[in-house]
Amino acid sequence: MSDNNRLNVMIVPVTPFQQNCTLIWNEGTKRGVVIDPGGDLDVIRQALKQAGMSVDRILLTHGHIDHAGGAADLKAELGVPLEGPHQADRFLLDHLEQTAAGYGIEGARNVVPDAWLSEGQKIDIGGIAFDVLHCPGHSPGSVVFVNKEQKFAIVGDVLFQGSVGRSDLPGGDHDTLIRSIKDKLLPLGDDITFICGHGPASTIGQERETNPFLR
Ligand SMILES: [Zn+2]
Ligand SMILES: [Zn+2]
């Protein structure tokens, strides 16, 4: 594989929720994306510098405060487009400031993406096309990014190592979430490694075999 097909990944936990803001960039071109800049922009700025990458776009997996709270400011600062999540999460992005106040988080701003994402679309991550899967249940507009050749996915809060996303927040639904995982994520194949919104990465195979929520 040439350098221009190799993606580097850096995980940057942000906010009191220790959300995995994720930097992904192409080894060859040093260009890439910031996924889910929930807050702590000073930490994200430092990570971008350390990575030595330039940012083509910002992506959101869903509209929760710990994932999206810093998106408006980072977008303004970098002057890049913001894409995602699915428009079913618009109500969350419209109320980020209010939600942040409830959690005692400072600096979050409401945001409107430049593009909503939907099932079957492709997005560019470091010059490599990733498929967009719409996986509602944790939030109605949650999306997952996957590239089967790279055997790699970013799943937000849909699926975790040994757990699944909570479904007690507005617009959440547990049965819908499990259906999203079983219908769209498990069929991707056991050898897919995924990064989730909180905690360690895992593989589809490991979760298929051991995740108690998928029995
Ligand atoms: Zn969430
Ligand atoms: Zn989260």
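Everything here concerns the structure above.
Structural notes, computed from the coordinates. Here the structure is a predicted model, which means the values were calculated and not measured.

Analysis parameters
- Residues numbered from 1 in each chain as written.
- Chains lettered and ligands numbered in written order.
- Predicted model: local features only at pLDDT ≥ 70, side-chain atom pairs only at ≥ 80, totals over all residues.
- Heavy atoms only, no water.
- Core = buried A, V, L, I, M, F, W, Y, C linked by side-chain atoms within 4.5 Å.
- Buried < 20%, exposed > 50% of the residue type's maximum accessible area, 1.4 Å probe, protein only.
- Helix = DSSP H or I, 4+ residues; strand = E, 2+ residues; numbered from the N terminus.
- Donors = N, O, S within 2.8 Å, 3.2 Å for Na, K, Ca; no water.
- Tetrahedral: all angles 85-135°; square planar, octahedral: opposite > 155°, others 65-115°.
- Arc of directions from axis to C-beta.
- Contact = heavy atoms within 4.5 Å.

1. Quick look at the nonpolar core
Step number 1: Ranked by internal contacts, the top residues of the largest apolar core, which has 29 residues, are L23, V34 and I44.
Step number 2: Elements with a contribution of two residues or more to this core: strand 1 (7-14), strand 2 (19-26), helix 1 (41-51), strand 4 (54-59), helix 2 (65-68), helix 3 (71-78) and helix 5 (96-103).
Step number 3: The element that contributes the greatest number of residues to this core is helix 1, accounting for 5 residues.
Step number 4: Counting 21 residues, the second-largest nonpolar core is a separate cluster that includes L159, L186, I192 and F194.

2. Comments concerning the coordination of the zinc ion (ligand 1)
When a metal holds four donors in a tetrahedron, each ideal angle between them is 109.5 degrees; when it holds six in an octahedron, the ideal angles are 90 or 180 degrees.
Step number 1: Protein-derived coordination of the zinc ion (ligand 1) comes from H62 (NE2), H64 (ND1), H138 (NE2) and D157 (OD), at a distance range of 2.1 to 2.4 Å.
Step number 2: Classification of the site at the zinc ion (ligand 1) rests on its 4 donor atoms, whose angles at the metal span 89 to 170°, yielding the label irregular.
Step number 3: Of note, the zinc ion (ligand 1) draws all its donor residues from one chain, in the sequence arrangement H-x1-H-x73-H-x18-D.
Step number 4: Between the zinc ion (ligand 1) and the zinc ion (ligand 2), a separation of 3.4 Å is found, and both are coordinated by D157.

3. A look at helix 1
Step number 1: Taken together, the buried positions of helix 1 are L41, I44, A47, L48 and A51. Viewed along the axis of helix 1, the buried residues span an arc of 120°, placing them on a single side of the element. Projecting away from the buried face of helix 1 at angles above 90 degrees are the exposed residues D42, K49 and Q50.
Step number 2: Each element contacted by the buried residues of helix 1 is listed here: strand 1, strand 2, strand 3 (31-35), strand 4 and helix 3.
Step number 3: The positive-phi residue at the C-terminal boundary of helix 1 is G52, with phi of around 70°.

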